[in-house]
Amino acid sequence: MCFRPTEMQMKKCPKCGANNKPIATECAQCGEPLEQMKVDFDADQAKLDSFATMPPMPSAPQAPSNPVPPSIPKPPSA
Ligand SMILES: [Zn+2]
């Protein structure tokens, strides 16, 4: 079995110049994120989506207007 790496499809790390697999998302040598073959438009969109799915900051602080809520009278326990 002769495995010949096709340099055309190999991702060359822009940082350290190491050849990574075409499916590699980051450099195996230095960890530099590699550009995806696919449109990175989705990646940006995913970031926006993940950002949008984050729970919103509580706009209204929980400050009770009444100092003490009316306590319900307990029934006499026998
Ligand atoms: Zn690298």
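Numbering of residues starts from 1 in every chain and runs along the sequence as written. Per-residue local features of the predicted model are confined to residues with pLDDT of at least 70, and side-chain atom pairs are confined, for both listing and counting, to 80 or more; whole-chain, interface and lining totals are unaffected and use all residues.

Comments concerning the overall build of the chain
Working definition: helices are DSSP H or I runs of at least four residues, strands are E runs of at least two. Numbering for both runs from the N terminus. Secondary structure assignment for the chain yields one helix and two strands. Mapped from its N terminus to its C terminus, the chain presents α and β elements in the order β-β-α. Counting other C-beta atoms within 10 Å of each residue's C-beta, where C-beta atoms are placed from the backbone, gives the exposure class: buried for 20 or more, exposed for 12 or fewer, partly exposed between. Counting all 78 residues of the chain, 5% fall into the buried class. Considering only contacts within the chain whose residues lie at least 6 apart along the sequence, 0% involve residues at least 24 apart. A pair of residues counts as a contact when their C-beta atoms, built from backbone coordinates, are within 7 Å of each other.

Side note on the confidence of the model for the chain
On average, residues of the chain score 76 in pLDDT, and 59% of them reach the 70 mark or higher. Residue-level confidence of the predictor, termed pLDDT, takes values from 0 up to 100. Across the chain, the element-wise mean pLDDT spans from 66 in helix 1 (residues 41-52) up to 94 in strand 2 (residues 19-20).

Remarks on the environment of Ala 18
Relative to the helices and strands, Ala 18 resides in the loop between strand 1 (11-12) and strand 2. In this view, Ala 18 contacts Cys 13, Cys 27, Ala 28 and Gln 29; residues no more than four positions away in its chain are not counted.

Considerations on the environment of Cys 16
Structurally, Cys 16 can be placed in the loop between strand 1 and strand 2. The class for Cys 16 is exposed, based on 12 C-beta atoms found within 10 Å. Ignoring anything within four residues of it in the chain, the contact list for Cys 16 reads Cys 27, Gln 29, Cys 30 and Glu 32.

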